[in-house]
Amino acid sequence: MSAAACGVRRRPGSVALGDLLRREASAERDASGEPPAVAAGQAGRAKKGEDLALLKPACERRPGAPSTSFSAFALFDGHNGSAAAVYAKEHLLGNVLRCVPPDLTRDEWLAALPRALVAGFVKTDKDLQTKGADSNSFHAPSTLLYRHICAHSSGTTATLVVIDGFVVTVASVGDSRCVLEAEGSIHYLSADHRFDASEEEVGRVTECGGEVGRLNVVGGAEIGPLRCWPGGLCLSRSIGDQDVGEFIIPVPYVKQMKLSSAGGRLIISSDGVWDALTAEMAFNCARGLPPDAAAERIVKEAVESKGLRDDTTCIVVDIVPPEKPKCTIESPKTPGKGLGLLKSLFIRKITSDTVSLPDKEIRCEPDLVEEVFEDGCPSLSRRLNSEYPVRNMFKLFVCAICQSELQSGQGISVHEGLSKPGKLRPWDGPFLCHSCQEKKEAMEGKRQSRDSSSRNSGSSE
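Thresholds applied
Residues numbered from 1 in each chain as written. Predicted model: local features only at pLDDT ≥ 70, side-chain atom pairs only at ≥ 80, totals over all residues. Heavy atoms only, no water. Helix = DSSP H or I, 4+ residues; strand = E, 2+ residues; numbered from the N terminus. Buried < 20%, exposed > 50% of the residue type's maximum accessible area, 1.4 Å probe, protein only. Contact = heavy atoms within 4.5 Å. Areas by Shrake-Rupley, 256 points an atom, 1.4 Å probe, with all protein chains shown as cover. Axes fitted to C-alpha atoms, helices over the stretch in contact; angles between N-to-C directions. Parallel < 35°, antiparallel > 145°, perpendicular 65-115°, else oblique. Nonpolar A, V, L, I, M, F, W, Y, C, P; charged D, E, K, R; others polar. Phe/Tyr/Trp six-rings, centres within 6.5 Å; stacked < 30°, edge-to-face > 60°. Salt bridge = Lys/Arg side-chain N within 4 Å of Asp/Glu carboxyl O. 1 Å grid on protein atoms, 1.4 Å probe; cavity = no way out; pocket = protein on both sides within 12 Å on 5 of 7 lines; lining within 4 Å. Points joined across faces, edges and corners; volume = space filled by probe spheres on them. Pairing = 2+ DSSP bridges.

(A) Summary view of the overall build of the protein chain. Of the regular secondary structure elements, the protein chain holds eleven helices and 19 strands. Expressed as a percentage of its 461 residues, the buried residues of the protein chain come to 51%. The long-range share in the protein chain, meaning contacts at least 24 apart out of those at least 6 apart in sequence, stands at 73%. Carbon and sulfur atoms make up 52% of the accessible area of the protein chain, which amounts to about 20,400 Å² in all.

(B) View of the packing of helix α4 (residues 106-131) against helix α11 (residues 434-443). For the pair α4 and α11, the least separation of the axes is 11 Å and the interaxial angle reads 105°. Between α4 and α11, the interaxial angle falls into the category roughly perpendicular. Only Ser435, Cys436, Lys439 and Met443 of α11 make contact with α4, whose side of the interface consists of Val122, Asp125, Lys126 and Gln129. Counted by class, the contact of α4 with α11 contains three nonpolar, two polar and three charged residues.

(C) Here's a closer look at the packing of aromatic side chains. All told, the structure shown has one aromatic pair when counted by the stated rule. For the pair phenylalanine 70 and tryptophan 109, a centre-to-centre distance of 5.3 Å together with 45° between the ring planes defines the contact as tilted. Of the two residues, phenylalanine 70 sits in strand β3 (residues 69-79) while tryptophan 109 sits in helix α4, which places them 39 residues apart along the sequence. For the pair phenylalanine 70 and tryptophan 109, one class covers both residues: buried.

(D) Focus on the pattern of salt bridges. Summed over the entire model, instances satisfying the criterion amount to 18 salt bridges. Between glutamate 181 and arginine 287 there is a salt bridge; the shortest N-O distance is 2.9 Å. Here arginine 287 lies in the loop between α8 (279-285) and α9 (291-306) and glutamate 181 lies in strand β7 (residues 177-182), a separation of 106 residues in the sequence. On the basis of relative accessibility, which here comes to 7%, the residue glutamate 181 falls in the buried class. The partner of glutamate 201 in a salt bridge is arginine 204, and the shortest N-O contact between them spans 3.3 Å.

(E) Quick look at empty space enclosed by the protein. Following the criterion strictly, the structure yields two cavities of 30 Å³ or more and no others. Space inside the second largest cavity adds up to approximately 40 Å³. Lining the second largest cavity are Asp125, Gln129, Gly240, Asp241, Gln242, Gly245, Glu246, Ile248 and Lys439. Classifying every residue of the lining of the second largest cavity gives one nonpolar, four polar and four charged.

(F) Structural detail: the pairing of strand β6 (residues 167-173). Most of β6 sits inside the fold, with seven of its seven residues counted as buried. Taking the residues that link successive antiparallel strands as the turn, the strand β5 (residues 158-164)-β6 hairpin has two residues, and the phi of glycine 165 there is positive, at about 65°.

Encoded structure:
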């Protein structure tokens, strides 16, 4: 099936996922028959205690089946308390996995993952609003009231990274970022959902009924970053934030990359790092260090540069091939500083005028880093549409977001009410339950769920 028929967005020059996976499988068989190793490290400095990290280097889609193994890493930067970050850390990955049938092949699982990430993010946000304040571990009424208030007003960024072999899939809301260095180049795998960084997001929120502007002070002067009112949040997408209107959405930017057989390094950090360092500065200051030491160095550099103004957290993940990649050349070892764990990851490619050098080991040229999938659209109708290439893998009579079973006549198509549906019809799936449909309509500005308030109120971020 063609990319156009499947509805997948690929940039010119990109390669189909199936072709990339077959290439990867062939390259792995030619090497050692083993997937790359994943090594991770974390470091942080706390100012408010609202940053949380998730490191799960060894997961299985089907328990007891090593062939379904993958790694997952996530960073949550909370605001107005840590309740939303805690809830997202505990439930986001599980919600994503429940949106994918367990019996898929690896190719099918990777193709299904972008849609599952969208559904999992929205479900986590929806459940936080309805269940986040409930806990059997809290019995005192005053404690329950305090927990309810915190859960209602808090929110969090979320950057979730799934690594399966040499395929890296990232979903993100907010301004915590994930960047990749591979084959000597830097790739940005997440989006910055600050209003100051995106005119499109400003337009989307204002069209949905929100007001975007800076904080008013005495005399009418405006200061600080662009914020959404009511609430004063400077992020256009997040999980939680029930008190700032549902036009602040949990629909993530999703990007999927296929690494070459040389592997690469990922840096996942909260804005405490990125407000102080560029991606180039972060990679350079930690080059040659193992993940733990690299994360510590990046945090140290950020704090020394700007001071500890915010929670500053960093996760470094190395994707290391089972043996040195073929098709490169390696000079004889010399004393001095080495590249440590990443020495094999960024060796220059072989050229015609260096092939004949007798004192260098010649290896074959690795495949290239490829972009497989990218989509930052805020529309659930598009992100969950029936033209998705794995549409037949999902149960027809199950809500595409919360996965609850739908009785006959209960399901509402995600295409319901489209002004220009094209070939899509209201009875085409996937379907949403009533509460998820309400959530979708609120995010799209089709109903006003909260009253506006003045920009002179307190801010959320």
